[in-house]
Protein chains: 2
Amino acid sequence: MGITKSEIFTEQQNEIALIAKAFGHPARVAILQHLFKMQTCICGDLVEEIGLAQPTISQHLKELKNLGLIKGNVEGTSVCYCINEDKWNEALGLFKEFLELQPNTVNSCK
Amino acid sequence: MGITKSEIFTEQQNEIALIAKAFGHPARVAILQHLFKMQTCICGDLVEEIGLAQPTISQHLKELKNLGLIKGNVEGTSVCYCINEDKWNEALGLFKEFLELQPNTVNSCK
DNA sequence: TATATTAATCGTAATATTGCAATGTATTAA
DNA sequence: TTAATACATTGCAATATTACGATTAATATA
């Protein structure tokens, strides 16, 4: 039904999936990379840098902000965005735990 | 348009997004975790373990397999699935690079 | 005050995703 | 050969996502 049955999964599984979903679009990857590189930037910078329309970038920024991965505050007519370090580090921890499940070298499957 | 303009992004950004999208559903997270824990398993195990219908699990397995993150081979009437170590390590590398972009401690944004 | 700048929101079209019942397919067992 | 087992595929309904033109809202500047 296009709707995820999140109630049957653990909180950790849902949280990993939510953050992964945010990373699941190249525009959002690009936004995050740009923010790391520049420390802060405004929406217009990203529109130029990335080449999607302003409402589209704005929408992607909103998703990242809703998740808490970035912060934004108004400065005159523009909005200054940056990484939310706390949330980022939380995500980093979650993903490390998930990704570093080491595959046991012997698995019987081709 | 529900369609991603992947041509305007780098190969690396698209690859990160593709893999992240695979991680972007708790059922697929659960499948991968179970595979790590058990080394190998069959579709039926996951149906029981996770509690989604068999066609649904089968679909999620297909996505993971198409991406190369898991492998599966027929064994009698069942199919034995396991992590594809090579692809997993590739993903691990990509994500480490992406996630460990350290936020510079001073960013001027609230 | 009028106008420009910047970004958010609204509305909409196109497409993708999630989930499952029903069905098909391949292999094994009787 | 028939039945059972284990999965994959198909088809569909419900919902989500991506993208953008048009508009709105808020602030700054002439």
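Residues numbered from 1 in each chain as written. Chains lettered and ligands numbered in written order. Predicted model: local features only at pLDDT ≥ 70, side-chain atom pairs only at ≥ 80, totals over all residues. Heavy atoms only, no water.

*Asks:* Hey, could you run me through the interface of chain A and chain B in this one?
*Replies:* How large an interface is tends to be reported as the accessible area lost when its parts come together. Counting residues at the interface gives 53 residues for chain A, matched by 53 residues for chain B. Here chain A meets chain B over a buried area of about 4,700 Å², counting both sides, of which 65% is carbon and sulfur. Here chain A is connected to chain B by two salt bridges. The tally of links between chain A and chain B comes to ten residue pairs in polar contact (both at pLDDT 80 or more). Listing elements by their share of the side of chain A that touches chain B, those giving two or more residues are helix 1 (11–23), helix 2 (26–38), strand 2 (70–75), strand 3 (78–83) and helix 5 (85–99) of chain A. (Contact = heavy atoms within 4.5 Å. Buried area = accessible area lost by both parts, 1.4 Å probe. Salt bridge = Lys/Arg side-chain N within 4 Å of Asp/Glu carboxyl O. Polar contact = N/O pair within 3.5 Å; in protein donor to acceptor, adjacent residues only side chain to side chain. Helix = DSSP H or I, 4+ residues; strand = E, 2+ residues; numbered from the N terminus.)

*Asks:* Which parts of the structure should I look at to understand the nonpolar core?
*Replies:* The nonpolar side chains of a soluble globular protein tend to be buried, and buried together. If you look at the biggest cluster of nonpolar residues, it comprises 68 residues, and the most contacted ones within it are Phe23 and Phe95 of chain A together with Phe23 and Phe95 of chain B. Not counting chain neighbours up to four residues away, the residues in contact with Phe95 of chain B comprise Phe23, Phe95 and Leu99 of chain A together with Ile16, Ile19, Ala20, Phe23 and Glu100 of chain B. (Core = buried A, V, L, I, M, F, W, Y, C linked by side-chain atoms within 4.5 Å. Buried < 20%, exposed > 50% of the residue type's maximum accessible area, 1.4 Å probe, protein only.)

*Asks:* Teacher, can you tell me more about the pairing of strand 2 (residues 70–75) of chain B here?
*Replies:* Within a regular strand, side chains alternate between the sheet's two faces. Residues and elements named next belong to chain B. For strand 2 and strand 3 (residues 78–83), the ladder comprises six bridges, and the chain directions are antiparallel. Looking at strand 3, one finds that Ile70 is bridged to Ile83. Taking the residues between adjacent antiparallel strands as the criterion, strand 2 and strand 3 are bridged by two residues, where Gly76 takes a positive phi near 70°. (Pairing = 2+ DSSP bridges.)

*Asks:* Explain the sheet that holds strand 1 (residues 40–42) of chain B to me, please; I cannot follow it from the model alone.
*Replies:* Strand pairing in a sheet relies on backbone hydrogen bonds. The paired strands run either parallel or antiparallel. All names here are of chain B. Within the open sheet, the three strands sit side by side as 1-3-2. Their pairing is antiparallel. Where the open sheet ends on each side, the last strands, each with one partner, are strand 1 and strand 2. Ignoring strand direction, the axes of neighbouring strands in this sheet form an average angle of 30°. Relative to strand 3, helix 2 (residues 26–38) is tilted by about 90°, and along the sheet it contacts strand 1, strand 2 and strand 3. Its contacts with the sheet place helix 3 (residues 43–50) against strand 1 and strand 3, and it is angled at close to 85° to strand 1. (Axes fitted to C-alpha atoms, helices over the stretch in contact; angles between N-to-C directions.)

*Asks:* What exactly am I supposed to notice about the relation of the copies chain A and chain B here?
*Replies:* In this arrangement, two copies of a chain are superimposed by a rotation about an axis accompanied by a shift along the axis. When chain A is fitted to chain B, the best match, at an RMSD of 0.0 Å, comes from turning it 180° and sliding it 0.0 Å along the axis. When the rotation and shift are considered jointly, the pair of chain copies conforms to a two-fold rotation axis. In terms of C-alpha distance to the rotation axis, chain A has Ala20 of chain A as its closest residue, with the C-alpha 2.4 Å off the axis. Interface overlap between copies: 100% of the residues of chain A at the interface are likewise at the interface in chain B, consistent with a symmetric, same-surface contact. (Least-squares fit on C-alpha atoms with pLDDT ≥ 70 in both.)

*Asks:* Please explain the side chain of Asn14 of chain A as it appears in this structure.
*Replies:* Looking at the element boundaries, Asn14 of chain A is found in helix 1. By relative accessible area, which is 18% here, Asn14 of chain A ends up buried. Within polar-contact distance, the side chain of Asn14 of chain A engages the backbone oxygen of Ser6 of chain A at 2.9 Å. With residues up to four places along the chain from it excluded, the contact list for Asn14 of chain A reads Ser6 and Phe9 of chain A together with Pro26 of chain B.

*Asks:* Help me out: how do you make sense of the sheet that holds strand 1 (residues 40–42) of chain A in this one?
*Replies:* All names here are of chain A. Strand order across the open sheet formed by three strands is 1-3-2, with antiparallel pairing between neighbours. The outermost strands of the open sheet, each flanked by one partner alone, are strand 1 and strand 2. Neighbour to neighbour, the strand axes of the sheet diverge by 30° on average, direction disregarded. Relative to the sheet, helix 2 contacts strand 1, strand 2 and strand 3, its axis offset from that of strand 3 by approximately 90°. On the sheet, helix 3 (residues 43–50) packs against strand 1 and strand 3 and is oriented at approximately 85° with respect to strand 1.

Don't take any of this as a statement about function, it's just geometry.
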